[in-house]
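Structural overview
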2 protein chains.
Amino acid sequence: MVVEIVCVGTEILMGNIVNTNAAYLAEKCAGLGLSCYYQSVVGDNHDRLCEIIKTAASRSDIVILSGGLGPTQDDLTKETAAEVFDKKLYMHEEAKEAICAYMTKRGLTITENNWKQAMVPEDCIVVMNANGTAPGIIMEKDGKHIILLPGPPGELIPMFENDILPYLKKMAPDVLHSVMVKICGVGESIVEDQIKDMIDAQTNPTIATYAKTGEVHLRVTAKAENEKEAEKLVKPVVKEIKKRFGDTVYTTDENTSLEAAIINMLSKHKLTVSAAESCTGGLLSARLINVPGASDVYQAGFVTYANKAKHKLIGVKKETLYKYGAVSKETAKEMVKGALKASGADIAVAVTGIAGPGGGTKEKPVGLVYIACGRKHKITVKKFQFSGNRAKIRESSVANALIMLREVIMQNRID
Amino acid sequence: MVVEIVCVGTEILMGNIVNTNAAYLAEKCAGLGLSCYYQSVVGDNHDRLCEIIKTAASRSDIVILSGGLGPTQDDLTKETAAEVFDKKLYMHEEAKEAICAYMTKRGLTITENNWKQAMVPEDCIVVMNANGTAPGIIMEKDGKHIILLPGPPGELIPMFENDILPYLKKMAPDVLHSVMVKICGVGESIVEDQIKDMIDAQTNPTIATYAKTGEVHLRVTAKAENEKEAEKLVKPVVKEIKKRFGDTVYTTDENTSLEAAIINMLSKHKLTVSAAESCTGGLLSARLINVPGASDVYQAGFVTYANKAKHKLIGVKKETLYKYGAVSKETAKEMVKGALKASGADIAVAVTGIAGPGGGTKEKPVGLVYIACGRKHKITVKKFQFSGNRAKIRESSVANALIMLREVIMQNRID
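We now turn to the structure provided with this report. (Residues numbered from 1 in each chain as written. Chains lettered and ligands numbered in written order. Predicted model: local features only at pLDDT ≥ 70, side-chain atom pairs only at ≥ 80, totals over all residues. Heavy atoms only, no water.)

1. With respect to empty space enclosed by the protein
On inspection of all chains with the given rule, the structure shows five cavities of 30 Å³ or more. Here the largest cavity is characterised by a volume of approximately 150 Å³. Surrounding the largest cavity, 22 residues form its lining, Asn-19 and Val-41 of chain A together with Asn-19, Gln-39 and Val-41 of chain B being those nearest its centre. Mapped by element, the contributors of at least two residues to the lining of the largest cavity are strand E1 (2-8), helix H2 (20-31) and strand E2 (35-42) of chain A together with strand E1 (2-8), helix H2 (20-31) and strand E2 (35-42) of chain B. Broken down by class, the residue content of the lining of the largest cavity amounts to 16 nonpolar, six polar and no charged. (1 Å grid on protein atoms, 1.4 Å probe; cavity = no way out; pocket = protein on both sides within 12 Å on 5 of 7 lines; lining within 4 Å. Points joined across faces, edges and corners; volume = space filled by probe spheres on them. Helix = DSSP H or I, 4+ residues; strand = E, 2+ residues; numbered from the N terminus. Nonpolar A, V, L, I, M, F, W, Y, C, P; charged D, E, K, R; others polar.)

Here's what the structure looks like:
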């Protein structure tokens, strides 16, 4: 089956927002085994919308449209799609009640405009919106499936997960089952090299590679008559990948991030962690604390950007800063020691480096970063030379700090 | 003139990457006054590429294609575009030398494949690539302009800025001049309300509104025969907007972020700042430190996620935590006091709240955030009730903490 994604909105055409809906929908559809050959963006314009819906429906089995379901006159997606498929609109009582309940609960005033959102095409499937007022719509005609979703990601994503995904799954003739093997601390080319034989030989399951900063994700997908058969096909491949990459595989759960895996490990082994950050300026702590429930294991962190702060907050010696500089393995090591002492945590991780664009020298160029991690009597320091702009260097630093932190936890697990 | 953006790449169609190139190109083209009615994404497939290039060229004056210029057989954009416009390819000596120099400098091995990238369509403009091996291409035929750019943003962006932007500007019959007025701490609907008369009356210049978290940006754009005339048209409108929004306008420079404006103010008034963060977990510090040169004014910060850390690192009283709770105006205030003392900074800002998804109660629901900011004897605390998921609540918290910090700096500027 072929799917096509059409995002509607002037704000995307003008470049005011990045089209994350398209990426989300595309990844989900790929996960279902649907082929996608085209994505388009079009504004809230009747004629152009008409044309693009007709074209999409002529060349694809499923057309997913997002955006343009709002209450104003500008919002035309539903009206235009209904027109193209020759369906009349009528007031959907349940949708009307849901809008009423949604607005009332939030103390918002209902205007005449709002009822426009309760109008739906005849013979369609109406999908209730738990996070907004625009219901989703599924129309079926002549073997084509037209799915209309609200534009805000906070409405689109839950609606897709809860209602559209099961709908699409039912249509797929075969069942697809996929497992995401997430590897950290191994470069993309090395990963590809180590499984070249498997990729060359792949038919069912297939293996797809996704490179992230500091990580490589491998999606193993099998197609079969039923879920159980598909699982059976995936299992030995995942097992083989895990065997080849050993401890660098941090999860096979699609929804677990590296930081979540780390928080889980800390929690399991009843270890606490602290971070001392210079060039990353809080980003490392922010990633760890982004995991719900991090409070059990992450208690305190230090943003020690200035030398004075490194000394005052976490007791890095003035001599060390003077003799070796703030960006040195000695300072990184003392930052860990100081963070351990000041926080009382079991493990600490420290980052100090030159994120640029200024501040680089011949001896210490932009991108030079030292990361230290460990416990009181065993601290490891690694030197990195990252490339890219300030944001990229900071991102790479955080990723590698997480990877080192994970290694230290694993060592302490065995000790 | 009408421009159309076509991004080529299976990785976008599969949702492996978000299409930031489209957003970048769309914003730049909008800034030039070019109208954009369509964006598309297509894979590295000859027939579909052919079809999409033909369609785009039939309905738009300028077609910008990005991606698919790599050295492998999969990369078809240049070959297909040349075919559509009936141009032969030939080896471009300068491009060949540039590829050779690029590869040699980096110690990379040149393979036969690489020379494919030096092949260009006849009569085209070849744009050298300072950051990669694929040159950019501009083809002109029958009044249409086809622009091919490499896919990696690190190559596309500098090439666009340096060569494509001047090329497009030359084509535009009129000169466009725009100024971005950035407002913080005022809601979008209030901003729109306060300039409704100006928006209703707009012809030249035009005013476009962009809502960001905690901020509203207004782009004032005028069209004229020359730069000077356009500037003259923009000036009084910007002046009027600044008059209406007063101190909430933090910059009229497109490239200055709120955090950069704050760092500049602190630097100018020789003030230093510290942050104590609970639910934002380092994000506030990270945003401030993302400004190059922040080290002069931001020296130390505290991530005090646990109660213990709030007490130990920045001396929040145990009684306060017990009596009022970690998420309270009393705790927020003491966090500021403690951060001032522990860091020695002139101003401190503190955030404590419930980012969810767990941890909410009826009295203190998810989204409740207290932000405090001030100097030793004058600390302001504000209570917020944010909505959205964990990431959104944290983002809103950071934005409002920055806004409060800016207000405090302004007060101290006058004192």
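2. Describing the packing of aromatic side chains
Applying the stated criterion across every chain yields a total of four aromatic pairs over all chains. Ring centres of Phe-384 of chain A and Phe-386 of chain A lie 5.2 Å apart, and the angle between their planes is 10°; on these two criteria the pair is classed as stacked. (Phe/Tyr/Trp six-rings, centres within 6.5 Å; stacked < 30°, edge-to-face > 60°.)

3. Some thoughts on the sheet that holds strand E12 (residues 249-251) of chain B
All names here are of chain B. Read across the sheet, four strands follow the order E10-E11-E9-E12 without closing on themselves; strand pairing throughout is antiparallel. With partners counted over all chains shown, the strands left at the sheet margins are strand E10 (206-212) and E12, one partner each. Between one strand axis and the next, the sheet turns by 30° as a mean value, whatever way the strands run. Pairing of strand E9 (residues 175-184) with strand E11 (residues 215-224), which is carried by ten bridges, proceeds in the antiparallel orientation. Bridge pairing in E11 links Val-175 to Ala-224. (Pairing = 2+ DSSP bridges. Axes fitted to C-alpha atoms, helices over the stretch in contact; angles between N-to-C directions.)

4. A look at the nonpolar core
Membership of the largest hydrophobic core comes to 82 residues, with the highest contact counts inside it found for Ile-347 of chain A together with Ile-347 of chain B. One finds Ala-22 and Leu-156 of chain A together with Ala-22 and Leu-165 of chain B within the second-largest nonpolar core, a separate group that totals 54 residues. (Core = buried A, V, L, I, M, F, W, Y, C linked by side-chain atoms within 4.5 Å. Buried < 20%, exposed > 50% of the residue type's maximum accessible area, 1.4 Å probe, protein only.)

5. Describing the packing of H2 of chain A against helix H6 (residues 153-171) of chain A
Residues and elements named next belong to chain A. For the pair H2 and H6, the least separation of the axes is 11 Å and the interaxial angle reads 10°. Put simply, H2 runs roughly parallel to H6. Contact residues: H2 offers Thr-20, Asn-21, Tyr-24, Leu-25 and Lys-28, while H6 offers Pro-153, Leu-156, Ile-157, Phe-160 and Glu-161. Looking at side-chain class alone, the contact of H2 with H6 contains six nonpolar, two polar and two charged residues. (Parallel < 35°, antiparallel > 145°, perpendicular 65-115°, else oblique. Contact = heavy atoms within 4.5 Å.)

6. Observations concerning the packing of helix H12 (residues 307-314) of chain A against helix H14 (residues 329-343) of chain A
The relative placement of two packed helices comes down to the angle between their axes together with the axis-to-axis distance. Residue and element names in this part refer to chain A. Packing of H12 against H14 leaves a shortest axis separation of 9 Å and a crossing angle of 40°. Residue-level contacts link Lys-310, Leu-313 and Ile-314 of H12 to Thr-331, Glu-334, Met-335, Gly-338, Ala-339 and Ala-342 of H14. Among the residues forming the contact of H12 with H14, the class breakdown is five nonpolar, two polar and two charged.

7. Some points on the relation of the copies chain A and chain B
Each of the two chain copies can be generated from the other by rotation about an axis followed by a shift along it. Of the transformation placing chain A onto chain B, the axial shift is 0.5 Å and the rotation is 180°, giving an RMSD of 0.7 Å. Between the two chains, the operation in question is that of a two-fold axis. (Least-squares fit on C-alpha atoms with pLDDT ≥ 70 in both.)

8. With respect to the interface of chain A and chain B
Contacts between the two partners involve 60 residues from chain A, matched on the other side by 61 residues from chain B. Summing both partners gives a buried area of about 4700 Å² for chain A against chain B, and 56% of it is carried by carbon and sulfur. At the junction of chain A with chain B, the criterion picks out two salt bridges. In this structure, Arg-59 of chain B engages Glu-51 of chain A in a salt bridge whose closest nitrogen and oxygen atoms are separated by 3.0 Å. Our count for the contact surface shared by chain A and chain B stands at 23 residue pairs in polar contact (both at pLDDT 80 or more). When E2 of chain A meets E2 of chain B, the two strands line up antiparallel, connected through five bridges. Bridging from a neighbouring strand, Tyr-38 of chain A pairs with Val-42 of chain B of E2 of chain B. (Buried area = accessible area lost by both parts, 1.4 Å probe. Salt bridge = Lys/Arg side-chain N within 4 Å of Asp/Glu carboxyl O. Polar contact = N/O pair within 3.5 Å; in protein donor to acceptor, adjacent residues only side chain to side chain.)

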